[in-house]
Structure formats: structure tokens, C-alpha cells
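In case you want the letters, here they are:
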Amino acid sequence: MALEHADVLRAAHLARLGLDESEAAHYLDDLGRILEMVDQLQGLDTEGVAPLAHPLDATQRLRADEVTETDQRDTFQRCAPAVENGLYLVPRVVE
């Protein structure tokens with residue numbers, strides 16, 4: 001896919017980036033090289049290659065799902081300006 005100067009300016013406008021002509025020319029070269037690399041990757045045979053979520057075989061350490069703090073709702077609601085049935089009351093902002 002051939003990228004043109006107008007394409008870079010249009011993408012910059014859509015992304016709300018303020019590019020001048022010299023910056024656009026620089027990005028035209030960079031984006032052209034990126035698209036060439038994507039074209040090279042498209043030509044690779046990936047038959048039988050399983051997709052990866054991450055290149056390293058890492059697992060996330062998770063903590064046990066158990067309560068570690070005491071219930072302090074009553075303590076916090078004592079200093080609230082308005083509470084009813086365990087809920088904080090706030091002024092209506094949308095009519």
C-alpha cells in the first residue's frame with residue numbers, strides 16, 4: 001500500500017495532531033517503513049503456529065480471595081452528611 005503525503009496529513013487531522021509539512025514528510029517515511037514491515041510479515045507462513053497472548057510463559061500471581069479488613073461502614077457513615085439504610089445520600093444533579 002503506497003502512503004501519500006495527504007494520507008499522513010489526514011491521519012494527523014483525525015488524531016487532532018498539529019503537524020507541519022516537514023514533520024509530515026518525516027512521518028511519511030516512518031509510516032512507509034512500518035507498512036513495508038507489515039507487508040513482509042503478511043508474507044510469512046504461519047500455518048500451524050498457535051497465537052500468543054504473551055511471548056513469555058508467565059502466570060500472574062494472585063492473592064487468595066478472602067476478607068482481610070474489618071467492616072468499617074458504620075464508622076465511615078457516621079461522618080457523612082446524609083445516610084439512609086446504609087447508603088450515602090447525595091443531592092440530585094440530573095433532572
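The preceding data block contains the structure.
Throughout, residues of each chain are indexed from 1 in the direction in which the sequence is written. Local features in this predicted model are restricted to residues whose pLDDT is 70 or higher, and side-chain atom pairs enter the listing and the counts only when it is 80 or higher, whereas totals over whole chains, interfaces and linings include all residues. Hydrogens and water molecules were not included; the side-chain quantities draw on all heavy atoms of the structure.

Draft legend 1. Representation of the overall build of the protein in the model. Looking only at helices and strands, the protein has 3 helices and 2 strands in total. Of the regular secondary structure in the protein, the N- to C-terminal order runs α-α-α-β-β. This radius of gyration counts C-alpha atoms alone. The globule rule is 2.2 Å times how many residues there are, raised to the power 0.38. The C-alpha radius of gyration of the protein comes to 28 Å, more than 25% above the 12 Å expected for a compact globule of 95 residues. Principal axes of the C-alpha set define a box for the protein whose edges measure 65 × 45 × 25 Å. For every residue, the accessible area obtained with a 1.4 Å probe (protein chains only) is divided by the maximum for its type, and the residue is called buried under 20%, exposed over 50%, and partly exposed between those limits. Looking at the protein residue by residue over its 95 residues, the buried ones come to 5%. The criterion used for residue contact is that any of the two residues' heavy atoms lie within 4.5 Å. The contacts in the protein between residues at least 6 apart in sequence include a share of 23% that link residues at least 24 apart. For the accessible areas, the method is Shrake-Rupley and the probe is 1.4 Å, while residue cover comes only from the protein chains on display. When the accessible surface of the protein is totalled, it reaches about 9500 Å², and 55% of it is carbon and sulfur. Within the protein, the 19 negative side-chain charges are centred at a point lying 13 Å from the centre of the 8 positive side-chain charges. Helix and strand assignments come from DSSP, with helices taken as H or I runs of at least 4 residues and strands as E runs of at least 2, each series counted from the N terminus. Charge assignment in this entry is limited to Lys and Arg as positive and Asp and Glu as negative, and neither His nor the chain termini are counted. Where a charge sits is defined by one atom per residue type, namely NZ (Lys), CZ (Arg), CG (Asp) or CD (Glu).

Draft legend 2. Just unusual backbone geometry, in detail. Of note in this structure, Arg16 is not a glycine but carries a positive phi near 60°. Relative to the elements of secondary structure, Arg16 occurs in the loop between α1 (5–14) and α2 (21–42). Positive phi outside glycine occurs at Asn85, with the angle close to 55°. On the basis of relative accessible area, Asn85 is assigned to the exposed category, the value being 71%.

Draft legend 3. Focus on the packing of α1 against α2. α2 packs onto α1 with a crossing angle of 105° between their chain directions and a minimal axis gap of 9 Å. Viewed along their axes, α1 and α2 adopt a mutual orientation that is roughly perpendicular. Residues His5, Val8 and Leu9 of α1 form the contact with α2, whose participating residues are Glu21, Ala24, Ala25, Tyr27, Leu28 and Leu31. Three classes are used, and their members are as follows: Ala, Val, Leu, Ile, Met, Phe, Trp, Tyr, Cys and Pro are nonpolar, Asp, Glu, Lys and Arg are charged, and the others, Gly among them, are polar. When the residues that make up the contact of α1 with α2 are grouped by side-chain class, the tally is 7 nonpolar, 1 polar and 1 charged. Axes here mean lines fitted to C-alpha atoms, for a helix over just the part in contact, with angles spanning 0 to 180 degrees between N-to-C directions. Each angle is binned into one of four classes, with values under 35 degrees roughly parallel, values over 145 roughly antiparallel, values of 65 to 115 roughly perpendicular, and all other values oblique.

Draft legend 4. The pattern of salt bridges, seen in detail. For salt bridges, the criterion is a side-chain nitrogen of Lys or Arg within 4 Å of an Asp or Glu carboxyl oxygen. This structure, assessed with the given rule, holds 1 salt bridge. For Asp30, the salt bridge identified is with Arg33, shortest N-O distance 2.5 Å. Of this pair, Asp30 and Arg33 both sit in helix α2, 3 residues apart, which is roughly one turn of the helix.

Read these as spatial facts, not as claims about activity.
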